Amino acid sequence: MSVIDKNNVTSEEYSKIQKDMEELAALYNNFKFLLAELKKCAKDYELKKKSTRSMLHKRIRLLVAKLQKRNVTV
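A. Spotlight on the overall build of the chain. Within the chain, the regular secondary structure consists of one helix and zero strands. Going through the 74 residues of the chain one by one, you find that 3% of them count as buried. Of the accessible surface of the chain, which amounts to about 7400 Å², a share of 61% is contributed by carbon and sulfur atoms.

Below, the structure written as C-alpha cells:
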C-alpha cells in the first residue's frame, strides 16, 4: 500500500482499502483450508473406493469359481 500516495487517498478510503485487504486475506485463508479439506476427502474417497472394489472383486471371483464348479458337476 506504500505505492499509493496518502495525499491522494483520504484516510476513510485508506481505511476501507485496509479493511478490504484484511477480508481478502481471511477469505484466501478460508479457501486454502477448504481446498486442503477437499484434497483430504478426495484422497480418502479414492482409498475407500479402491479398498471396496478389491473386496468386491475378491468375492466375485470366489462366487464365479463356485458357480463354475456347480456347472461342471451338473
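B. Spatial organisation of a nonpolar patch on the surface. A cluster of nonpolar residues, Tyr-28, Phe-31, Leu-35 and Leu-38, forms a patch on the protein surface that exposes about 420 Å² of accessible area. Mapped onto the elements of the fold, Leu-38 is located in helix 1 (residues 11-73).

C. Expanded view of the pattern of salt bridges. Scanning the entire structure with this criterion turns up three salt bridges. The salt bridge involving Lys-16 is made with Asp-20; its shortest N-O contact spans 3.2 Å. Here Asp-20 and Lys-16 lie together in helix 1, a separation of four residues that amounts to about one turn. With relative accessibility at 30%, the residue Asp-20 sits in the partly exposed group.

D. Fine view of a positive patch on the surface. Judged by side-chain charge, Lys-58, Arg-59, Arg-61, Lys-66, Lys-69 and Arg-70 come together as a positively charged surface patch. Relative to the assigned elements, Lys-69 resides in helix 1.

What counts as what
Residues numbered from 1 in each chain as written. Predicted model: local features only at pLDDT ≥ 70, side-chain atom pairs only at ≥ 80, totals over all residues. Heavy atoms only, no water. Helix = DSSP H or I, 4+ residues; strand = E, 2+ residues; numbered from the N terminus. Buried < 20%, exposed > 50% of the residue type's maximum accessible area, 1.4 Å probe, protein only. Areas by Shrake-Rupley, 256 points an atom, 1.4 Å probe, with all protein chains shown as cover. Patch = residues over 30% accessible without salt bridge, like charges linked within 9 Å, V, L, I, M, F, W, Y side chains within 5 Å. Salt bridge = Lys/Arg side-chain N within 4 Å of Asp/Glu carboxyl O. Lys, Arg positive; Asp, Glu negative; His and termini not counted. Charge placed at Lys NZ, Arg CZ, Asp CG, Glu CD.

These figures come from the coordinates and say nothing about function on their own.
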